[in-house]
Amino acid sequence: MPKAYAYTRHGGPGTEAFIEVDRPVPGPGELLVEVRAAGVNPVDWKLRNGLRRPGAAEAEFPAVFGSEIAGVVAEPGPGVTGFAAGEAVFGNPVGGGYAQYVLLPVSLAARKPDALAFTDAATLPVAAATAHDAVRQLALPAGATLLINGVGGGVGVAAAQIARSLGVRVVGTASAAKKEFVEELGAVHVPSGEEGLAERVRAAAPAGVDAALDLVGGPALEAVAALVDPARLVTAADPAAAARLGASPVRRARTVEVLDAVARLVVDGTLRPYVTATYPLERAAEALRAVEAGHVRGKVVIEVAA
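Sequence order sets the numbering: in each chain, residues are counted from 1 along the sequence as written. It should be noted that, the model being predicted, local features are given only for residues of pLDDT at least 70 and side-chain atom pairs only at 80 or more, the latter also being counted only at that level, while totals for whole chains, interfaces and linings use all residues. Excluded from the side-chain calculations are hydrogens and water; all other atoms, namely the structure's heavy atoms, are used.

Q: Just give me the short version of the overall build of the protein chain, but keep the residues and values in it.
A: Helical segments are the DSSP runs of H or I of at least four residues, strand segments are the runs of E of at least two, and each set is numbered from the N terminus. The secondary structure content of the protein chain amounts to 10 helices and 16 strands. Exposed residues in this analysis have more than 50% of their type's maximum accessible area, buried residues have under 20%, and partly exposed residues fall in between, with area computed by a 1.4 Å probe over protein chains only. Residues classed as buried in the protein chain amount to 52% of the 306 residues present. The criterion used for residue contact is that any of the two residues' heavy atoms lie within 4.5 Å. Taking all contacts inside the protein chain whose residues are at least 6 apart in sequence as the whole, residues at least 24 apart take part in 66%. Accessible surface computed for the protein chain: about 12,900 Å², of which carbon and sulfur atoms make up 54%. His is not counted, nor are the chain ends; Lys and Arg add positive charge and Asp and Glu add negative charge. Positions of charges follow a simple convention, taking NZ of Lys, CZ of Arg, CG of Asp or CD of Glu. Each charge class in the protein chain was averaged separately, 28 positive and 32 negative side chains, and the resulting centres sit 3 Å apart. Here, Shrake-Rupley sampling with a 1.4 Å probe gives the accessible areas, and only protein chains in the shown set may cover a residue.

Written out as structure tokens, the structure is:
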């Protein structure tokens, strides 16, 4: 039977296990996809710990990890047109992506360009698409300065590159160990940490920052909020704090058009996914621990054998 990596209840890493699952049967508007790669994101372990997305139902256990995949269509659902078995696709699956087979809604399925590797495509539906939506939401003109709080992770890396391609100056907070990496993105590095953050940002951007994208939340978001008009602050990490501060959550479009747009950015060289570590499905726990530790540069991807 196909296998998947899941959590059996809310809690820490001890709740995780490989499970055997029936091969899914696609319904109307769905594709059965044989997974080739699955992106790993902080939200994966946060959901395991008990995070509940706004409007989401209670988790049903076991719950398979993962919300972005790339793979090959194994079978279109009844009445589905425009996709055929054997086509390479990527998108946001139903019911988790750390698996050999997933169901992918046609409304969230984009065709993978031939020039785009499966491992790169698997980083786009969550990390790159969130970055795309955030930069578009802030709508900064060329020459403006954007502060990215937590620039070294998957969303931050993509947001920095997209903003830079639009002529926006980027200042990004990250650990001291990521300084060279941040500068490689064309951003000005600011050491992370709440204490003294405002002073460090002002030193890096004496003219101030025009907007901020928060990818950290908590006290770090509170520190950033003192640096910018709340109307020009968006967060992908802490919508509750955003509401309290007068800021906004990132408004996700969740469309195939966005997926196509970020794929084109990779193919034309504007956006580099920065997949810095890959793990086979059998080592999914290690992949998740690497992201949960919070020190990953760029993206971690799980590769699934054909």
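Q: Tell me what's going on with the sheet that holds strand β4 (residues 63-64), and back it up with residues and numbers.
A: Pairing in this open sheet of 3 strands is antiparallel, and the strands run β2-β1-β4 from one edge to the other. The open sheet has two edge strands with one neighbour each: β2 (16-20) and β4. Across the sheet, helix α10 (residues 284-292) touches β1 (3-7) and β2, and the angle it forms with β2 is around 145°. The rule for pairing is simple: two strands pair if DSSP sees at least two bridges between them. Axes here mean lines fitted to C-alpha atoms, for a helix over just the part in contact, with angles spanning 0 to 180 degrees between N-to-C directions.

Q: Give me empty space enclosed by the protein: which residues, what numbers.
A: Buried and open spaces are told apart on a 1 Å grid over the protein atoms alone, a cavity being a set of points where a 1.4 Å probe fits but cannot get out and a pocket being an open set with protein on both sides within 12 Å along at least five of seven lines. Residues with an atom within 4 Å of a point are the lining residues. Grid points are joined across faces, edges and corners, and a volume is the space filled by probe spheres set on the points. The final tally for this structure, using the stated rule, is 1 cavity of 30 Å³ or more. Lining the largest cavity are T123, L124, A127, A128, G154, V157, A158, Q161, L271, R272, P273 and K299. Those elements that place two or more of their residues in the lining of the largest cavity are α3 (124-138) and α4 (154-165). When residues of the lining of the largest cavity are assigned to their parent elements, the largest contribution, 4 residues, is made by α4. Residue classes in the lining of the largest cavity are distributed as 7 nonpolar, 3 polar and 2 charged. Each residue gets one of three labels, nonpolar for Ala, Val, Leu, Ile, Met, Phe, Trp, Tyr, Cys and Pro, charged for Asp, Glu, Lys and Arg, and polar for the others, Gly among them.

Q: Requested: an account of the sheet that holds strand β12 (residues 211-214), with residues and values cited.
A: Here we have 6 strands laid out as an open sheet, ordered β11-β10-β9-β12-β13-β14, and parallel in their pairing. This sheet does not close on itself; its edge strands, each paired only once, are β11 (188-191) and β14 (248-249). In this structure, β12 lies alongside strand β13 (residues 233-235), joined through 3 bridges in parallel fashion. When the sheet's bridge partners are listed, A212 is paired in β13 with L233. Running at roughly 175° to strand β9 (residues 145-149), α4 makes contact with β9, β10 (169-174) and β12 of the sheet.

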